[in-house]
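Coordinate inspection notes
The lines below spell out each chain.
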Amino acid sequence: MRYDLKNLNPGIWFFFDEDKGDEGGSVCLRICDSDILREIRKQTIKQKVIYKDHQRYEYEDENEDLRNELIWDYCVVDWKGVFDQDDHLVPCNKEMKMLLMGKSVTFATFVTDKLKELNNIESDRQEELEKN
């Protein structure tokens, strides 16, 4: 098996409309690997302590908005054929990713469905490797 050591987690393109192909627009997605998830966790979870009835309690305080922003910015690599209401191309930048993932149910559902598909493919691949 060959690995591109310069890009171990490349994105995979998905068409919004399979029949139209690139003309219907597409999005390039990748799943978060364990190193990325660990880094996101470091940035978004803070260990906190409270004292109650002379007891010390530790808990994790997670910034969910920042976590979602970092995950979506990483997972949505690029897109083609995404236009606004005035037929201008929507740039694939962090701001637009957050807008579409946060406000467009259609876009967010498409992305999450395709990421589940990628996770299933990766799980199947891992199972095959473990069998061999």
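Located above this text is the structure these notes cover.
As a starting point, this report considers the structure included with it. (Residues numbered from 1 in each chain as written. Predicted model: local features only at pLDDT ≥ 70, side-chain atom pairs only at ≥ 80, totals over all residues. Heavy atoms only, no water.)

**Describing a nonpolar patch on the surface**
Threshold: Patches in this entry comprise residues that are over 30% relatively accessible and not in a salt bridge; like charges within 9 Å are linked, as are nonpolar side chains (Val, Leu, Ile, Met, Phe, Trp, Tyr) within 5 Å. In this description, accessible areas are obtained by the Shrake-Rupley approach with a 1.4 Å probe, and a residue is regarded as covered only by the protein chains that are shown. Basic side-chain nitrogens of Lys or Arg form a salt bridge, by our definition, when they fall within 4 Å of a carboxyl oxygen of Asp or Glu. Helix and strand labels come from DSSP, where a helix needs a run of H or I of at least four residues and a strand needs a run of E of at least two; each type is numbered from the N terminus.
Where nonpolar side chains cluster on the molecular surface, the patch consists of Y3, L5 and L8 and spans about 400 Å² of accessible area. Its location among the elements puts L8 in the segment before β1 (12-15).

**As for helix α2 (residues 64-75)**
Where we set the bar: Helix span, as expected, comes to 1.5 Å for every residue beyond the first. Partly exposed residues are those whose accessible area sits between 20% and 50% of the maximum for their type, while under 20% is buried and over 50% is exposed, using a 1.4 Å probe and protein chains only. N or O atoms closer than or at 3.5 Å make up a polar contact, with two conditions inside protein: a donor-capable atom paired with an acceptor-capable one, and, for residues adjacent in sequence, both atoms drawn from side chains.
A rise of 1.5 Å per residue sets the reference length of α2, with its twelve residues, at 16 Å; its end C-alpha atoms lie 16 Å apart and thus fit the reference within 8%. When we look at burial in α2, the residues that qualify are L70, I71, W72, Y74 and C75. A side-chain oxygen of the first residue of α2 lies 3.3 Å from the backbone nitrogen of D65; this N-cap is N63.

**Here we look at unusual backbone geometry**
We note that H54 has phi near 65°; this positive angle belongs to a residue other than glycine. Position of H54 relative to the elements: it lies in the loop between β3 (45-52) and β4 (55-62). Using a relative accessible area of 85% as the deciding quantity, one classes H54 as exposed. Its identity is not glycine, yet D87 carries a phi of approximately 65°, on the positive side. If you trace the backbone, D87 turns up in the loop between β5 (76-80) and α3 (94-103). Overall, D87 belongs to the exposed group, its relative accessible area being 62%.

**A short note on the pattern of salt bridges**
In total, this model carries eight salt bridges according to the counting rule given. Two residues, K94 and E69, come together in a salt bridge whose shortest N-O distance is 3.2 Å. Taken as a pair, K94 in helix α3 and E69 in helix α2 lie far apart in primary sequence, 25 residues in all. You can call K94 partly exposed: its relative accessible area is 35%. Notably, a salt bridge pairs E117 with K114, separated by 3.4 Å at the nearest N-O pair. Here E117 and its partner K114 are both found in helix α4 (residues 105-131), three residues apart, which amounts to about one turn of the helix. On the basis of relative accessible area, K114 is assigned to the buried category, the value being 18%.

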